[in-house]
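# An overview of the molecular structure
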Amino acid sequence: MEKLLNELSCDGHSAFSLPENDMPDAMTSSIPSHLTRQHPPALPQVSEMELLRHFTRLSYKNHSLAKNLYPLGSCTMKYNPVVNEKICRMAGLSRLHPYQPENTIQGALEILYELEHSLCEIAGMDAFTLQPAAGAHGEFAGMLIARNYFKSKNQQRTKIIVPDSAHGTNPSSATLAGFSVVPLPSEKDGSIDIEKLKIALTPDVACIMLTVPNTLGVFEKQILTIAQIAHDNGTLLYYDGANLNALIGTARPGDFGFDIIHINLHKTFSTPHGGGGPGSGPVGVKAFLAPFLPVPSITKKGKSFALAFKGRRTIGRLRSFYGNFPVLVRAYAYIVALGGKGLTRVSHHAVLNANYLLSVLKDVLPAPAGTRCMHEFVLSGKPLAQYGVRTLDVAKRLLDKGYYAPTIYFPLIVEEAIMIEPTETETKKTMDEFVAVFRAILAEAATDPSTLTTSPHTTPVSRLNEVEAARKPILHF
Ligand SMILES: *Cc1c(COP(=O)(O)O)cnc(C)c1O
């Protein structure tokens with residue numbers, strides 16, 4: 001167990017040396033003495049090497065794409081080019097203050113303006129806002145847009161249809177925006193049953209929220225029919241584009257008939273995610289919904305850019321200032337660097353990699369949604385029950401082998417689900433190594449199940465009581 005810095009502390013150790021200050025201390029001399037500190041703060045005292053090694057040891061304990069394959073389904077763990085970290089830290093971008101006058105931040109506004117227009121082109125939409133701070137925040141903004149749109153038309157629409165294969169944030173966002181959620185049971189491969197949809201689609205349905213490809217990694221083949229049925233009913237179609245890896249540069253949700261979309265820049269566009277953010281979930285709409293987008297919006301007149309804070313129909317402000325700026329800069333740099341052709345290669349490789357892994361792994365565990373997929377796929381660990389082994393145990397054992405665990409028990413419609421998504425930038429060699437380890441773990445299930453059910457064995461802590469950890473967290477020692 002790594003000690004805390006306070007425990008490593010040793011009187012007199014120091015990680016820096018500075019020359020003595022020979023200037024009069026203006027600050028302390030102007031502060032009344034009863035308000036100044038009488039004793040130095042009890043900061044840990046460690047040498048530079050102790051400090052460096054402490055943080056380096058901690059960093060080994062973290063899993064990231066910089067360490068090994070990160071096969072987490074539903075959350076696209078992209079390789080995020082390091083050069084974009086450099087770009088978003090450039091002083092002209094990272095030292096800006098949101099209260100600076102507009103004429104001093106023209107470059108930043110131009111980046112945002114251009115990014116909005118690139119996303120319009122990529123998604124096939126007419127207008128974008130970059131404000132939402134995450135995917136769920138984008139969904140919430142989308143739902144508010146739908147609500148205000150129907151209000152402006154004096155229509156009472158109170159329901160949102162959400163398939164049971166959807167990401168959990170979909171029903172939550174709809175509920176938070178004041179709608180009631182109508183769950184739609186999906187087919188075995190997660191796609192929509194048109195007949196069931198028609199029955200659910202009453203005149204009071206405001207919106208249908210869909211994920212395409214769905215969370216089982218299958219493209220919704222009837223999407224054009226679904227769009228037609230929705231629009232004939234006056235219902236809007238919402239696209240959960242948290243993961244755009246399968247479509248980017250190849251197909252556009254706007255062309256399928258979607259009216260509102262959110263995109264997670266922290267999944268598909270060069271911002272690392274996991275560990276709590278910051279993220280960004282821009283929302284795009286078709287022209288008829290553009291007046292409802294949040295303010296401020298970015299406008300361009302001649303060669304100058306400005307923030308516009310007024311709009312008669314806007315849903316208002318979503319947050320302070322204007323979006324998570326460094327995330328937006330990374331996305332813009334990524335899009336400009338790859339260009340149209342490069343982005344198309346992203347989706348081709350994402351689909352190719354996922355299909356390669358599926359084609360091999362379908363022989364070791366059943367693939368209930370079929371043997372073709374888009375950027376991710378789902379296996380079922382159900383056959384392992386004969387050895388008393390569960391999907392959870394396989395995921396934990398992968399940690400021992402130096403891999404992050406895939407997404408498990410999601411989507412809910414597959415029993416003992418294991419959801420795998422290889423990053424599009426992984427090589428065949430890396431994926432083959434993963435397959436070999438996966439096979440070895442499944443062989444172990446038959447011969448030595450207790451090693452699996454008690455794993456992980458090599459991590460700082462072994463099997464945790466996750467329920468208790470969430471309910472009764474111990475936040476200090
Ligand atoms: C990640 C994800 C979301 C939610 O995005 P957050 O940024 O975590 O709020 C929504 N839908 C799908 C399909 C996702 O994968």
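Quick look at the structure, then.

### Notes on the sheet that holds strand β12 (residues 417–420)
- Read across the sheet, three strands follow the order β10-β12-β11 without closing on themselves; strand pairing throughout is antiparallel. Lying at the two open borders of the sheet, with one neighbouring strand each, are β10 (377–380) and β11 (407–408).
- One ladder, built from four bridges, connects β10 with β12; its direction is antiparallel. Across the sheet, the residue bridging to F377 is I420, located in β12.
- Set on the sheet, helix α13 (residues 325–361) makes contact with β10 and β12; between it and β10 the angle comes to about 15°.

### A closer look at the nonpolar core
- If you look at the biggest cluster of nonpolar residues, it comprises 58 residues, and the most contacted ones within it are L119, I161, L210, I263 and F269.
- No other element matches helix α6 (residues 106–123), which puts 10 residues into this core.
- Beyond its immediate sequence surroundings of up to four residues, F269 is in contact with L119, I122, L244, I248, I263, N264, R330, A331, Y334 and I335.

### Concerning the pairing of strand β4 (residues 205–210)
- Among the six residues in β4, six count as buried, and that is most of the element.
- Looking at chain direction, strand β2 (residues 159–163) and β4 are connected through three bridges and run parallel. Note on β4: the bridge partner recorded for I161 is I208.
- Both β4 and strand β5 (residues 236–241) contribute to a ladder of four bridges, which runs parallel. Considered in β5, the bridge of M209 is made with Y238.

### As for the site of the ligand
- Among the 13 residues in the neighbourhood of the ligand, the closest are listed as S74, G135, D240, H266 and K267.
- N264 has a polar side-chain atom sitting 3.0 Å from an oxygen atom of the ligand.
- Computed on the free molecule, the ligand has an accessible area of 380 Å², of which 87% lies beneath the protein chains in the complex.
- Taken together, the elements giving at least two residues each to the shell around the ligand come down to α7 (135–152) and α12 (265–268).
- Looking at the shell around the ligand element by element, the count peaks at three residues for α7.
- A breakdown of the residues in the shell around the ligand according to their chemical character gives three nonpolar, seven polar and three charged.

### Structural notes on the sheet that holds β5
- Taken in spatial order, the seven strands line up as β1-β7-β6-β5-β4-β2-β3 in an open sheet, and their pairing is mixed. With partners counted over all chains shown, the strands left at the sheet margins are β1 (127–129) and β3 (180–184), one partner each. Mean inter-strand twist for the sheet, computed between neighbouring axes without regard to direction, equals 20°.
- Where β5 lies against strand β6 (residues 260–263), four bridges are found, and the strand directions are parallel. Bridging across to β6, Y239 finds its partner in I261.

### Remarks on the side chain of T451
- Examined against the element boundaries, T451 turns out to sit in helix α16 (residues 449–453).
- A polar side-chain atom of T451 sits 2.4 Å from a polar atom in the side chain of D448.
- Setting aside chain neighbours within four positions, we find T451 in contact with R397, E444 and H457.

### Examining the environment of P460
- With respect to the helices, strands and loops of the structure, P460 is situated in the loop between α16 and α17 (466–471).
- Considering only alpha carbons, one finds P460 and A331, 129 residues apart in sequence, at a separation of 35 Å.

### Let's talk about the pairing of β3
- Of the strand pairs in this sheet, β2 and β3 are connected by five bridges, and their pairing is parallel. Within β3, the residue paired with P163 across the bridge is L184.
- In terms of handedness, the path from β2 via helix α8 (residues 169–176) over to β3 forms a crossover that is right-handed.

### Points about unusual backbone geometry
- The omega angle of the peptide bond from V212 to P213 is -5°, so this bond is cis rather than trans.
- Residue placement: P213 occurs in the loop between β4 and α10 (223–232).
- In this structure, the amide linkage connecting F410 to the following residue, P411, adopts the cis form with an omega of -5°.
- With a phi angle near 75°, S74 is a residue other than glycine that sits in the positive phi range.

### Side note on helix α15 (residues 428–447)
- Look at α15: 29 Å from first C-alpha to last across 20 residues, which is about the 28 Å you get at 1.5 Å a residue.
- Of the residues making up α15, those classed as buried are T430, M431, F434, V435, V437, F438, I441, L442, E444 and A445.

### What about the packing of α6 against α13?
- Look at α6 against α13: their axes get within 10 Å of each other, and the N-to-C directions meet at 50°. Classed by the angle they form, the pair α6 and α13 counts as oblique. Handedness of the crossing formed by α6 with α13: left-handed. Facing A108, I111, L112, E114, L115, S118, L119 and I122 of α6, the residues of α13 in contact are F325, L328, A331, Y332, I335 and L343.

### Let's talk about α13
- Between its first and last C-alpha, α13 extends only 40 Å over 37 residues, short of the 54 Å set by a 1.5 Å rise per residue.
- Bending of α13 peaks at approximately 100° at the position of G339.

What counts, and at which threshold
Residues numbered from 1 in each chain as written. Predicted model: local features only at pLDDT ≥ 70, side-chain atom pairs only at ≥ 80, totals over all residues. Heavy atoms only, no water. Pairing = 2+ DSSP bridges. Helix = DSSP H or I, 4+ residues; strand = E, 2+ residues; numbered from the N terminus. Contact = heavy atoms within 4.5 Å. Axes fitted to C-alpha atoms, helices over the stretch in contact; angles between N-to-C directions. Core = buried A, V, L, I, M, F, W, Y, C linked by side-chain atoms within 4.5 Å. Buried < 20%, exposed > 50% of the residue type's maximum accessible area, 1.4 Å probe, protein only. Near = heavy atom within 4 Å. Polar contact = N/O pair within 3.5 Å; in protein donor to acceptor, adjacent residues only side chain to side chain. Areas by Shrake-Rupley, 256 points an atom, 1.4 Å probe, with all protein chains shown as cover. Nonpolar A, V, L, I, M, F, W, Y, C, P; charged D, E, K, R; others polar. Right-handed = clockwise from strand over helix to strand, strands pointing away. Expected span 1.5 Å × (residues − 1). Parallel < 35°, antiparallel > 145°, perpendicular 65-115°, else oblique. Left-handed = near helix turned anticlockwise from the far one by under 90°. Bend = angle between axes of the 7 residues up to and from the residue.

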